[in-house]
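Working through the structure, step by step
Chain by chain, the residues:
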Amino acid sequence: MARSRGGGPLGNRVILGLETSCDETAAAVVSEDGRVLSNVVSSQARLHERYGGVVPEIASRRHLELISPVVREALLEAEVELESIDLVAVTAGPGLIGALLVGLAAAKGLAWSRRLPLAPVDHLHGHVASLYLEPGAVDPPFLCLLASGGHTLLVDVQERGGFRTVGTTLDDAAGEAFDKGARLLGLGYPGGAEIDRLAREGDPKAFSFPIARVPGLDFSFSGVKTALLYQVRDLGEELDARRADLAAAYQRAIVQALAERTLAAAEQLGADCIAVVGGVAANTELRAALPDAAFAPLELCTDNAAMIASAARYTDALPYPDYLALDAYAAAAA
Ligand code: KG4
Ligand code: ZN
């Protein structure tokens with residue numbers, strides 16, 4: 001039987017993925033044909049909750065504590081030994097630099113110890129590649145809305161190896177707008193899921209929030225956030241009674257902005273198929289607003305390492321030991 005570098009059958013390599021770009025320490029084992037053999041995510045959300053957002057230094061330290069047990073757990077759940085891994089994949093950026101460096105150092109150490117190749121994966125490509133996992137993989141071409149805590153992009157995807165950005169946010173990301181909105185409403189962190197839950201009890205028409213229509217295919221969420229701030233101030237002690245209505249109306253404005261622009265982009269580019277990925281793709285109302293779109297499965301919307309291993313299948317890996325000097329990058333390439 002033909003074998004790949006690491007010993008697995010050629011064409012069905014076993015990939016160990018690592019993801020530490022923000023506040024999730026994650027490891028996963030994925031096969032070349034897109035089966036998720038394990039997908040372990042240890043969220044630090046509780047640790048950062050009291051600060052209302054991710055504290056970079058705390059995140060790095062926690063990644064350092066968690067990375068080994070999380071990798072061990074991923075191998076255990078997949079029922080594979082490190083010896084059976086053919087390729088190590090890791091998020092190289094964009095993200096929090098200290099957090100990324102922990103995952104990168106761990107990946108280098110694991111790959112080097114087994115003389116394996118290492119694939120540096122772009123986090124955004126990882127989110128898109130969450131769609132290429134089985135069961136139910138989605139094939140390009142499609143227009144993809146990538147909406148997360150750090151990014152809001154519209155990308156044109158023609159092949160699994162990459163994408164072209166056609167729209168982006170001019171200020172806050174959609175997930176950031178959810179998180180900041182939740183904070184103004186006195187809800188927990190991360191705020192997206194909290195607003196999603198509370199909005200079900202409220203009337204979205206009770207308040208009217210602005211939907212920014214900036215030129216082109218870009219987004220802007222700073223206006224709606226400021227409008228919520230003023231509304232909360234105006235309500236004063238009445239806030240408690242109106243919190244669910246505010247959450248519903250605020251969510252409606254963000255979802256409408258996302259859905260409108262996505263449909264406009266699809267029309268402009270002549271795309272027949274729309275896909276949605278990233279943490280905000282978990283939002284109930286967004287899923288209902290784009291009923292014909294392909295959404296990433298819920299467990300693959302928020303940060304995870306299965307999507308990183310998935311993207312590695314379409315990324316050039318560096319052979320052993322060429323990756324030892326590899327660096328992480330904090331910002332997306334312009
Ligand atoms: O993709 P992700 O885990 O991290 C980044 O790459 O940024 O996305 C996290 C974001 C957070 O802002 C969180 O509030 C948001 O996704 N989110 C949601 C929902 N679940 C998570 N936003 C709206 N509705 C949800 N159900
Ligand atoms: Zn992400």
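Heads up: these notes are all about the structure in this document. A quick note: this is a predicted structure, and the numbers were derived from the prediction, not measured.

Secondary structure assignment for the protein chain yields 10 helices and 10 strands. Relative to its length of 334 residues, the protein chain is compact, with a C-alpha radius of gyration of 20 Å against a globular reference of 20 Å. Seen through its principal axes, the protein chain has C-alpha atoms that stretch 65 × 45 × 35 Å. Expressed as a percentage of its 334 residues, the buried residues of the protein chain come to 53%. Expressed as a percentage of contacts within the protein chain between residues at least 6 apart in sequence, the contacts between residues at least 24 apart total 70%. For the protein chain, the exposed surface amounts to about 14500 Å²; the carbon and sulfur share of it is 51%.

Attention shifts here to the packing of helix α5 (residues 174–184) against helix α7 (residues 222–235). Look at α5 against α7: their axes get within 10 Å of each other, and the N-to-C directions meet at 5 degrees. Considering their axes alone, α5 and α7 lie roughly parallel with respect to each other. Between α5 and α7, the residues in contact are K180, G181 and L184 and K225, L228, L229 and V232, respectively. Counted by class, the contact of α5 with α7 contains four nonpolar, one polar and two charged residues.

For the rest of this paragraph, the subject is the coordination of the zinc ion (ligand 2). At 2.0 to 2.1 Å from the zinc ion (ligand 2) lie its protein donor atoms, namely H123 (NE2), H127 (NE2) and D303 (OD). Between the donor residues of the zinc ion (ligand 2), the gaps in sequence give the motif H-x3-H-x175-D. Placement of H123 in helix α4 (residues 123–129) and of D303 in the loop between β10 (294–295) and α10 (306–312) is noted, with a sequence separation of 180 residues between them. We classify D303 as buried; its relative accessible area is 13%.

Bridge count for strand β7 (residues 152–157) against strand β8 (residues 164–168) is four bridges, and the pairing is antiparallel. In the sheet register, L153 faces β8, and the bridge partner there is T168.

Once that is clear, we can look at the pairing of strand β2 (residues 24–31). When you tally the buried positions in β2, you get eight out of eight residues, the bulk of the element. Of the two faces of β2, both are covered, the one formed by E24, A26, A28 and V30 as well as the one formed by T25, A27, V29 and S31. Here strand β1 (residues 14–19) pairs with β2 via six bridges, running antiparallel. Its bridge partner lying in β2, I15 is registered against V30. Hairpin remark: β1 followed by β2, antiparallel, with four residues in the connecting loop. One ladder, built from seven bridges, connects β2 with strand β3 (residues 36–43); its direction is antiparallel. Across the sheet, residue T25 finds its bridge partner in β3, namely S42. Hairpin geometry of β2 and β3 is characterised by an intervening segment of four residues between the two adjacent antiparallel strands and by a positive phi of about 90 degrees at G34.

Moving on to the pattern of salt bridges. One pass over the structure, following the stated rule, counts 16 salt bridges. Note that K180 is salt-bridged to D172, the shortest N-O span being 3.4 Å. Notably, a salt bridge pairs R200 with D196, separated by 3.4 Å at the nearest N-O pair. The structure contains a network of salt bridges with shared partners spanning D172, E176, K180 and K225.

Now for helix α6 (residues 191–199). Residues G191, I195, D196, L198 and A199 constitute the buried set of α6. In this structure, the buried residues of α6 make contact with α5, α8 (239–269) and α9 (284–289).

On to the environment of L101. Examined against the element boundaries, L101 turns out to sit in helix α3 (residues 97–113). The spacing of L101 and A28 is 73 residues in sequence and 18 Å in space, taken between C-alpha atoms.

Cut-offs used in this document
Residues numbered from 1 in each chain as written. Chains lettered and ligands numbered in written order. Predicted model: local features only at pLDDT ≥ 70, side-chain atom pairs only at ≥ 80, totals over all residues. Heavy atoms only, no water. Helix = DSSP H or I, 4+ residues; strand = E, 2+ residues; numbered from the N terminus. Rg over C-alpha atoms; globule rule 2.2 N^0.38 Å. Buried < 20%, exposed > 50% of the residue type's maximum accessible area, 1.4 Å probe, protein only. Contact = heavy atoms within 4.5 Å. Areas by Shrake-Rupley, 256 points an atom, 1.4 Å probe, with all protein chains shown as cover. Axes fitted to C-alpha atoms, helices over the stretch in contact; angles between N-to-C directions. Parallel < 35°, antiparallel > 145°, perpendicular 65-115°, else oblique. Nonpolar A, V, L, I, M, F, W, Y, C, P; charged D, E, K, R; others polar. Donors = N, O, S within 2.8 Å, 3.2 Å for Na, K, Ca; no water. Pairing = 2+ DSSP bridges. Salt bridge = Lys/Arg side-chain N within 4 Å of Asp/Glu carboxyl O.

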